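Summary of the model geometry
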Amino acid sequence: MQNETFKEWHSNPTFGICRLSLLSVYEKPVSDAGLSTQILFGELYEVIVVSDDGQWLKIEGLEFIGSGWILASQHHPLTKEAFEFFAKSPRQIVSQGIGEIKLKDATMFLLPGSQLHAGQNEIFEWEDSIKFKGNSRPYEKKANRQEIKKIGLSFLHAPYLSGGRSIFGLNGSSWINLLFKIGGIVFPNELGSLGHIEGRQDVSEIDVGDVIIFGNQSGVPFQLGLYIGEGTLLWVKEKVKFGAFDPEKWSTTNNRFKNNVQLLTVKKLVD
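What you are looking at is a predicted structure, and each value in this text was computed from that prediction instead of being measured. (Residues numbered from 1 in each chain as written. Predicted model: local features only at pLDDT ≥ 70, side-chain atom pairs only at ≥ 80, totals over all residues. Heavy atoms only, no water.)

1. A look at the nonpolar core
The line we're drawing: Note on terminology: a nonpolar core comprises buried Ala, Val, Leu, Ile, Met, Phe, Trp, Tyr and Cys residues joined through side-chain atoms within 4.5 Å. For each residue, the accessible area found with a 1.4 Å probe, counting protein chains only, is set against the maximum for its type, and the residue is called buried under 20%, exposed over 50%, and partly exposed in between. To qualify as a helix, a DSSP run of H or I must reach at least 4 residues; to qualify as a strand, a run of E must reach at least 2; elements of each kind are numbered from the N terminus. Any two residues whose heavy atoms approach within 4.5 Å are treated as being in contact.
Grouped together as the largest cluster of nonpolar side chains are 31 residues, with contacts concentrated most on Phe155, Trp175, Ile176, Leu179, Phe180 and Phe187. The set of elements that each furnish at least two residues to this core consists of helix 3 (145–153), helix 4 (172–182), strand 16 (211–215), strand 17 (221–229) and strand 18 (232–236). In terms of residues, this core owes the most to one element, helix 4, which gives six residues. When neighbours within four sequence positions are excluded, Phe180 is seen to be in contact with Ile148, Ile185, Phe187, Gly209, Val211, Leu226, Leu269 and Val270.

2. Comments concerning the pairing of strand 6 (residues 56–61)
Along any regular strand the residues' side chains alternate between the sheet's two faces. Heads up, the rule is: The pairing criterion is simple: DSSP has to find at least two bridges between the two strands.
For strand 5 (residues 44–51) and strand 6, the ladder comprises five bridges, and the chain directions are antiparallel. Looking across to strand 6, one finds that Val47 is bridged to Ile59. Between the antiparallel neighbours strand 5 and strand 6 lie four residues, among them Gly54 with a positive phi of about 75°. Across five bridges, the pairing between strand 6 and strand 7 (residues 67–71) is antiparallel. By the bridge assignment for strand 7, Glu60 is matched with Ser67.

3. Thoughts on empty space enclosed by the protein
Where we set the bar: Here a cavity denotes grid points, spaced 1 Å and computed from the protein atoms alone, that fit a 1.4 Å probe unable to get out, and a pocket denotes an open set having protein on both sides within 12 Å along at least 5 of 7 lines; residues with an atom within 4 Å of a point are the lining. Grid points are joined across faces, edges and corners, and a volume is the space filled by probe spheres set on the points. Under the grouping applied here, Gly and all other residues not named as nonpolar or charged are polar, the nonpolar ones being Ala, Val, Leu, Ile, Met, Phe, Trp, Tyr, Cys and Pro and the charged ones Asp, Glu, Lys and Arg.
Following the criterion strictly, the structure yields one cavity of 30 Å³ or more and no others. Each pocket or cavity is described by its volume, and for the largest cavity that value is around 140 Å³. Lining the largest cavity are 15 residues, and of these Leu62, Glu63, Ile65, Arg91 and Lys181 lie nearest its centre. Those elements giving two or more residues to the lining of the largest cavity turn out to be strand 11 (115–117) and helix 4. Of the residues in the lining of the largest cavity, the class split is seven nonpolar, three polar and five charged.

4. Quick word on the pairing of strand 17
Within strand 17, seven of the nine residues are buried, leaving the element largely enclosed by the surrounding structure. Bridge count for strand 16 against strand 17 is five bridges, and the pairing is antiparallel. In the sheet register, Ile212 faces strand 17, and the bridge partner there is Gly225. The hairpin formed by strand 16 and strand 17 contains five residues between the paired strands, and Gly219 there has a positive phi angle of roughly 85°. Pairing of strand 17 with strand 18 involves four bridges; the strand directions are antiparallel. Bridging across to strand 18, Gly229 finds its partner in Thr232. The antiparallel pairing of strand 17 with strand 18 creates a hairpin that spans two residues between the two strands, and Glu230 there sits at a positive phi of about 55°.

5. Topic: the pattern of salt bridges
Side chains that carry opposite charge are capable of pairing whenever their charged atoms lie near each other. Put simply, the rule is: One side-chain nitrogen of Lys or Arg within 4 Å of one carboxyl oxygen of Asp or Glu is enough to make a salt bridge.
Here the structure, examined in full by the defined rule, presents nine salt bridges. Glu43 is paired through a salt bridge with Arg165; the nearest N and O atoms lie 2.8 Å apart. Of the two residues, Glu43 is situated in the loop between strand 4 (35–40) and strand 5 and Arg165 in strand 13 (residues 165–166); the sequence distance between them amounts to 122 residues. Arg165 matches Glu43 in its accessibility class, with the two residues each being buried.

6. Description of helix 3
Selection rule: By arc we mean the arc of the directions from the helix axis to the C-beta atoms, nothing more. Throughout this description, a polar contact denotes any pair of N or O atoms lying within 3.5 Å of each other; where both atoms belong to protein, one of them has to be capable of donating a hydrogen while the other can accept it, and for residues adjacent in sequence the pair is counted only when both atoms sit in side chains.
What helix 3 keeps buried is the set Arg145, Ile148, Ile151 and Gly152. Along the axis of helix 3, the buried residues cluster in a sector spanning 120°; they form a single face. Buried residues in helix 3 make contact with helix 4, strand 17 and strand 18. Two to three positions downstream of the cap, the backbone nitrogen of Gln146 sits 3.1 Å from a side-chain oxygen, assigning the N-cap of helix 3 to Asn144.

7. Some points on the packing of helix 3 against helix 4
Keep this limit in mind: Simply put, an axis is a line fit to the C-alpha atoms, just over the touching stretch for a helix, and the angle between two N-to-C directions goes from 0 to 180 degrees. Roughly parallel covers angles under 35 degrees, roughly antiparallel covers those over 145, roughly perpendicular covers 65 to 115, and oblique covers all other angles. We call a crossing left-handed when the near helix sits turned anticlockwise from the far one by less than a right angle, and right-handed when that turn is clockwise.
Running from amino to carboxyl end, helix 3 crosses helix 4 at an angle of 130°, the nearest separation of the two axes being 9 Å. Here helix 3 is positioned oblique relative to helix 4, judged by the angle of their axes. Judged by the sense of rotation from one axis to the other, the crossing of helix 3 with helix 4 is right-handed. Touching Ile148, Ile151 and Gly152 of helix 3 are Trp175, Leu179, Phe180 and Ile182, all from helix 4. Of the residues in the contact of helix 3 with helix 4, the class split is six nonpolar, one polar and no charged.

8. Observations concerning the confidence of the model for the protein
For clarity, the threshold we go by: Confidence of the predictor in every single residue is expressed as pLDDT, which spans 0 to 100.
Mean pLDDT over the protein: 87, with 87% of residues reaching 70 or higher. Scored below 50 in pLDDT, residues 1–5 makes eight contacts in the model with residues more than four places away or belonging to other chains. Taken as a whole, residues 120–128 scores under 50 in pLDDT and shows 18 contacts with residues more than four places along the chain or in a different chain.

Laid out in C-alpha cells, this is it:
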C-alpha cells in the first residue's frame, strides 16, 4: 500500500447520488485500499468527512448500503432538499440482467439493484424524457416469497468479491442486501447491523424466502443463506451457489451447532 498521509476535516452535511454504473467505496482514502462496499446508479449517500487535500470523501450510504471513502471527482452533489425528496420519491429498481438508459446522446448500463427516481430530470438536467430498456420493478411493491426466490436465483454463479456489491462480485451480506432491495425490502449490507432487522422465527417454521444466519462459537455472525425450499439454500461460497439445509436436523438445541458453525437465527422478512 502506498505511504500516503492526509488530514481529515468534518464537513457540514453534504449529500450525493451515484451517477455511475458502479461506484467503488474504499476502506481507506488511498487508491490501492480494499473495497468497503459499492454503490449503484441512483443510490444516495451522505458525505461525513473530507480529506485535507480534498481528493477523498468519506460517505455513509442510505439504507444500510455501507460506508467508506470515494474519490471526490466521482461525487455528484445534491442539496439537502433534493436528497430528502429523492429518498422519499417512488423509484424503479433494475431487477435482473443489465438495463440500459439513455442520457441525452450517451448510453449507460445499469446493474441489478440500480434505481431510477421519479423526477430525476432535476438531478441530471435531462432535457428529454428518460429512455430505459431492461427489467425493473417498483420499489414500493414488496416482493412475495416466490419473487424473492426468483430474484435470488438470478444471481446464481455471481462470483465472490470482498466488499463487492454487484453481479460482477459480491459477498454474502451484500448479496442478501441487493436481492431484498430489488424486492422492496431493506436489509443491512453489513453483518454488524443485523440487530436492526426484526422478524426472528424458529427454524422449524422456516419457509421459502427466509434468511438463515450462521455464526461462530462466540455467536458472531459470519455467513448468510436464503432458504428456497426442499432442503436447499442459496449462499455465497466462492460464488452464489446451492447448499443443503435440512430444517429438521437444525431445529433441536443439540443440532444448532455443527463443525464450529452455529445457527444463530432465521429471519422472516416476507409474508
